[in-house]
Amino acid sequence: MKVEFPTDLEIARKAKLMPMQDIAAKMGIGVHLLEPYGHDVAKIKLDAIDELRDRPRAKYVVVSAITPTPLGEGKTTTTVGLGDALGKIGRRATVAIRQPSMGPTFGIKGGAAGGGYSQVVPMERLNLHLTGDFHAVTAAHNLLAAMIDNYIHHSLRDFPIDLHSITWRRVLDVSDRVLRSVVVGLGAPEDGVTRQTGFDITAASEVMAVLALSTSLQDMRKRLGRMVIGLARDGQPITADFLHAGGAMTVIMRDAIKPNLLQTLENTPVLVHAGPFGNIANGASSVLADMIGIHGGEFLVTEAGFGADMGAERFFNIKCRTSGLAPDAAVVVATVRALKVHSGKYRVVAGKPLPPDLLEENPDDVMAGAANLRKQVENIQIHGVTPVVAINAFPGDHPSEHRAIRELAEHLGVRSAVCRNFSDGGDGAVELAEMVAEAAEEPSTFQLLYPDAATLREKIEVIALRIYGARRVEYDPAAARQLDAFEASGFGRLPVCIAKTHLSISSDPKMKGAPTGWVLPVREVRASVGAGFIYPICGEMRTMPGLPTTPNATLVDIDEDGEIVGLS
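Here is a short report on the structure shown in this document. Numbers given for residues are sequential positions, taken from 1 along each chain in its written order. Confidence filtering applies because this is a predicted model: local features only for residues at pLDDT of at least 70, side-chain atom pairs given and counted only at 80 or more, and all residues used for totals across whole chains, interfaces and linings. Side-chain descriptors were evaluated using all non-hydrogen atoms of the structure, hydrogens and water having been removed beforehand.

### So, the pairing of strand 16 (residues 329-334)
Only protein chains enter the area calculation, which uses a 1.4 Å probe; residues under 20% of their type maximum are buried, those over 50% are exposed, and those in between are partly exposed. Secondary structure is summarised from DSSP: a helix means a run of H or I of at least four residues, a strand means a run of E of at least two, and numbering begins at the N terminus for each. Of all six residues in strand 16, six are buried, a share of seventy percent or more. Residues Ala329, Val331 and Val333 point to one face of strand 16 and Ala330, Val332 and Ala334 to the other, with burial holding for every one of them. As judged from the five bridges shared by strand 3 (residues 59-65) and strand 16, these two strands associate in the parallel manner. Its bridge partner being in strand 16, Ser64 is matched across the sheet by Val332. Any two strands are treated as partners once DSSP identifies two or more bridges connecting them. As paired elements, strand 16 and strand 17 (residues 387-392) share five bridges and run parallel to each other.

Shown next, in the form of structure tokens:
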């Protein structure tokens, strides 16, 4: 008889939550540093950074992955499971993850609280509004947008800004493709000046990236003020502070800057803070959460976005550059299905069943996709960090396929572990925890990929050639002019965050495995000066997703008892 595995929501509802003061106490954080949001969530005051500063520093572990399928390969589930498993072997751990966006939650991917018996709870609050941080980002971002259009309306005759150069759009935390390109200011003259603009999802806002990379309230104030919204007619950058908007934006963000404290199903402390878009921004949880968590136990386990070519590279060269924290070990999550896809024989489409052939036992297909795992392990090692391969086990996997991955890891000279924490909780990731603890004890030789003083082109090219395996970089004429202008404006010392597809190490989502000999095309370059990085755009980047044919929102409802149903 077939046994039905309970849904994530059913599992989460049965969680035995500890009081938040007890969760905080596990990190050495007193009640006086907490701001309760109900009985199961709290914010941590930034005073905790100074109060914990003299405590021992935890081992810092980042969880990354091979290049994923559109379904994701379970990085958050592995992150949560590893945190719980470290507790199983007697090592105090804290987990740090991004806050989910409601766009994907109601779209095709569902929530991002982990899964099965490796979840962050309360699941409903985490995947919906939590403490309102996303709404604060939305409000602060749109306040600046309103002040831009107000300035245009009142100063059009003597307007110093080139209207065509304005890059600041509006944001909403929803997936809505019809908002990608809109015209505003239609109607009577008092309704504003007509111009074309658009909407991005809130996670793609530079304000969100600022939240993730700020190191204090005053640092956030400076970053918000120096965000560039367009250019003057003489080509000079126009900032939020030019419009006197930075102060009010900071006030809106005053509570959002405090990290949120939650817990896993097994009562491991979890810091949930910020959610920057992984394609065009750093894609990792906040520096502030890590500055607190690094003194909250023996291990701090955090997550980077997408594969190691994107998430880990940005974690190392943007986040660690900002925080000054050096990782002690890295986890590379791999799955049988993703490696089979990298063989080039299968195509996975979100919202559709997996190809039947992909589910059949075939370790040869796993090995045919091995180049991707090999390259992503190398991308970690290039930065001087010791990787551990975590094989995220799915029910349809075959033991021979797991053995194939372990043999590959052994050939690469790295540790590996099969993880069944989705079904077994922390117990299912004990082997991974032991491997990570061993790896973290090895001498750290962490190094950044490039110095601040390198030119923007040098930074782009070292990532393209060493991390992506490209042969060279080609710049469209407009991109070349933009790079020259950013260097001339004094932005050349900023790190770069290459915006490209997450479905391939290359810039072409159809190229699987670890392609070489290809050319990275840079068609445009934009500056997130407030966040503190330059992002070259390579390919089509959708910063406002659309909904699928049958969105997850159609399954979500309230039952007769007022309980949420259908959330995943």
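### Topic: the pattern of salt bridges
Side chains carrying opposite charge are able to pair once their charged atoms draw close together. Here, a salt bridge means any side-chain nitrogen of Lys or Arg that lies within 4 Å of a carboxyl oxygen of Asp or Glu. Counted according to the given criterion, the structure contains 30 salt bridges. Salt-bridge contacts for Asp328 lead to Arg57; the nearest nitrogen and oxygen are separated by 3.3 Å. With Asp328 in the loop between helix 12 (308-323) and strand 16 and Arg57 in the loop between helix 3 (47-52) and strand 3, the pair connects residues that are 271 residues apart, well separated along the chain. Exposure remark for Arg57: the relative accessible area of 39% places this residue in the partly exposed category. Where Arg415 meets Glu442, a salt bridge forms, and the shortest distance between an N and an O atom there is 2.8 Å.

### Concerning helix 15 (residues 370-381)
Taking 1.5 Å per residue, 12 residues should reach 16 Å; helix 15 reaches 17 Å between its end C-alpha atoms and fits that length. Along helix 15, the residues classified as buried are Ala370, Asn372, Leu373, Lys375, Gln376, Val377, Asn379 and Ile380. Expected span of a helix: the number of residues minus one, times 1.5 Å.

### Considering the packing of aromatic side chains
Stacked, tilted and edge-to-face pairs are distinguished by plane angle, under 30 degrees for stacked and over 60 for edge-to-face with tilted covering the rest, among Phe, Tyr and Trp rings (Trp via its six-membered ring) whose centres lie within 6.5 Å. Taken as a whole and assessed by the stated rule, the structure comprises eight aromatic pairs. Ring geometry for Phe315 versus Phe316: centroids 5.8 Å apart, planes at 70°, classification edge-to-face. Taken individually, Phe315 and Phe316 each receive the classification buried, so the pair is uniform in this respect. Taking 5.7 Å as the distance between ring centres and 55° as the angle between the ring planes, the aromatic pair formed by Phe316 and Phe446 counts as tilted.

### Topic: the layout of surface pockets
The space that makes up the second largest pocket amounts to roughly 1300 Å³. Think of a 1 Å grid over the protein atoms and nothing else: a 1.4 Å probe that fits but is trapped marks a cavity, an open set flanked by protein within 12 Å on at least five of seven lines marks a pocket, and residues with an atom within 4 Å of a point count as lining. What lines the second largest pocket is a set of 50 residues, and nearest its centre among them are Ile166, Thr167, Glu524, Arg526 and Tyr535. If you list the elements that add at least two residues to the lining of the second largest pocket, you get strand 9 (195-197), helix 8 (206-213), strand 11 (228-231), helix 20 (477-488), strand 21 (524-528) and strand 22 (533-537). No other element matches the six residues that helix 20 contributes to the lining of the second largest pocket. Residue polarity is assigned by list, with Asp, Glu, Lys and Arg as charged and Ala, Val, Leu, Ile, Met, Phe, Trp, Tyr, Cys and Pro as nonpolar; anything else, Gly included, falls into the polar class. Of the residues contributing to the lining of the second largest pocket, the split by class is 23 nonpolar, 16 polar and 11 charged. Grid points are joined across faces, edges and corners, and a volume is the space filled by probe spheres set on the points.

### Topic: the environment of Met220
Mapped onto the fold, Met220 is located in helix 9 (residues 217-225). Each C-alpha atom of the pair Met220 and Val207 lies 9.3 Å from the other, and the pair is 13 residues apart in sequence. Contact between two residues is taken to exist if any of their heavy atoms lie within 4.5 Å; hydrogens are not considered. Ignoring anything within four residues of it in the chain, the contact list for Met220 reads Val210, Ser214, Thr250, Met253 and Ile257.

### Considerations on the packing of helix 4 (residues 75-88) against helix 18 (residues 430-441)
Two elements in contact, helix 4 and helix 18, have axes separated by 8 Å at closest approach and are oriented at 80°. Considering the angle they form, helix 4 stands roughly perpendicular to helix 18. Between helix 4 and helix 18, the contacting residues are Thr78, Leu82, Ala85, Leu86 and Lys88 on the first element and Val430, Leu432, Ala433 and Val436 on the second. Partitioning the contact of helix 4 with helix 18 into residue classes produces seven nonpolar, one polar and one charged. Every axis corresponds to a line fitted to the C-alpha atoms, with the helix fit spanning only the stretch in contact, and the corresponding angles, defined between N-to-C directions, vary from 0 to 180 degrees. Here the word oblique covers every angle except those under 35 degrees (roughly parallel), over 145 (roughly antiparallel) and from 65 to 115 (roughly perpendicular).

### Considering the environment of Gly428
Inspection of the secondary structure puts Gly428 in the loop between helix 17 (421-424) and helix 18. By relative accessible area, Gly428 is classed as buried at 13%. C-alpha of Gly428 to C-alpha of Val418: the two residues are 10 residues apart in sequence and 8.3 Å apart in space. The residues contacting Gly428, other than those within four sequence positions of it, are Val418, Cys419, Arg420 and Asn421.

### Overview of a nonpolar patch on the surface
Here the term patch refers to residues with relative accessible area over 30% and no salt bridge, with like charges joined within 9 Å and nonpolar side chains (Val, Leu, Ile, Met, Phe, Trp, Tyr) within 5 Å. The method behind every accessible area is Shrake-Rupley, applied with a 1.4 Å probe, and residues are considered shielded solely by the protein chains displayed. There is a patch of nonpolar side chains on the surface, built from Phe5, Tyr117 and Phe422 and spanning about 250 Å² of accessible area. Its location among the elements puts Phe422 in helix 17.

### Re the pairing of strand 18 (residues 415-419)
In terms of residue burial, strand 18 counts as a mostly covered element, since four of its five residues are buried. Relative to strand 18, strand 17 runs parallel, the two being bridged by five bridges. Bridge pairing links Val388 to Arg415 in strand 18.

### Here's the deal with the side chain of Arg337
Within the element layout of this structure, Arg337 appears in helix 13 (residues 336-341). Within 3.5 Å is the distance limit for a polar contact, defined as a pair of N or O atoms, with the added protein rule that one can donate a hydrogen and the other accept it, and that residues adjacent in sequence qualify only through two side-chain atoms. There is a polar contact of 3.1 Å between the side chain of Arg337 and the side chain of Glu73. Look past the residues within four positions of Arg337 in its chain and what remains in contact with it is Thr69, Leu71, Gly72, Glu73, Leu358 and Phe394.

### Observations regarding the side chain of Thr76
Here Thr76 shows up in helix 4. Judged by its relative accessible area of 14%, Thr76 falls in the buried class. Side-chain polar atoms of Thr76 contact the side chain of Glu303, separated by 2.9 Å. Among residues more than four places away in sequence, those in contact with Thr76 are Ile97, Ala112, Ala113, Gly114 and Glu303.

### As for the packing of helix 15 against helix 16 (residues 399-412)
Closest axis-to-axis distance for the helix 15/helix 16 pair is 11 Å, and the angle between their directions is 40°. The angle between helix 15 and helix 16 places the two elements in the oblique class. Two packed elements cross with a definite hand, and for helix 15 against helix 16 that hand is right-handed. Note on element contacts: helix 16 touches helix 15 through Ile405, Leu408 and Leu412, opposite Ala370, Leu373, Arg374 and Val377. Split into classes, the residues belonging to the contact of helix 15 with helix 16 amount to six nonpolar, no polar and one charged. Note on convention: the crossing is left-handed when the near helix lies turned anticlockwise from the far helix by less than a right angle, right-handed when the turn is clockwise.

### A closer look at the state of the cysteines
Pairs of cysteine sulfur atoms within 2.5 Å are identified as disulfides in what follows. Counted by the stated rule, this structure contains zero disulfides. Summary of cysteine pairing: Cys320 is not part of a disulfide, and the nearest cysteine sulfur, belonging to Cys497, is at 14 Å.

### A look at the nonpolar core
Core analysis: the biggest nonpolar cluster contains 105 residues, and Leu144 and Leu373 have the highest contact counts within it. Broken down by element, this core gets its largest block of residues, eight residues, from helix 7 (residues 133-155). Leu373 has contacts with Ile66, Val332, Ala334, Leu339, Val389, Ile405 and Leu408, leaving out every residue within four places of it along the chain. Residues enter a nonpolar core if they are buried and are Ala, Val, Leu, Ile, Met, Phe, Trp, Tyr or Cys, with the set joined through side-chain atoms within 4.5 Å.

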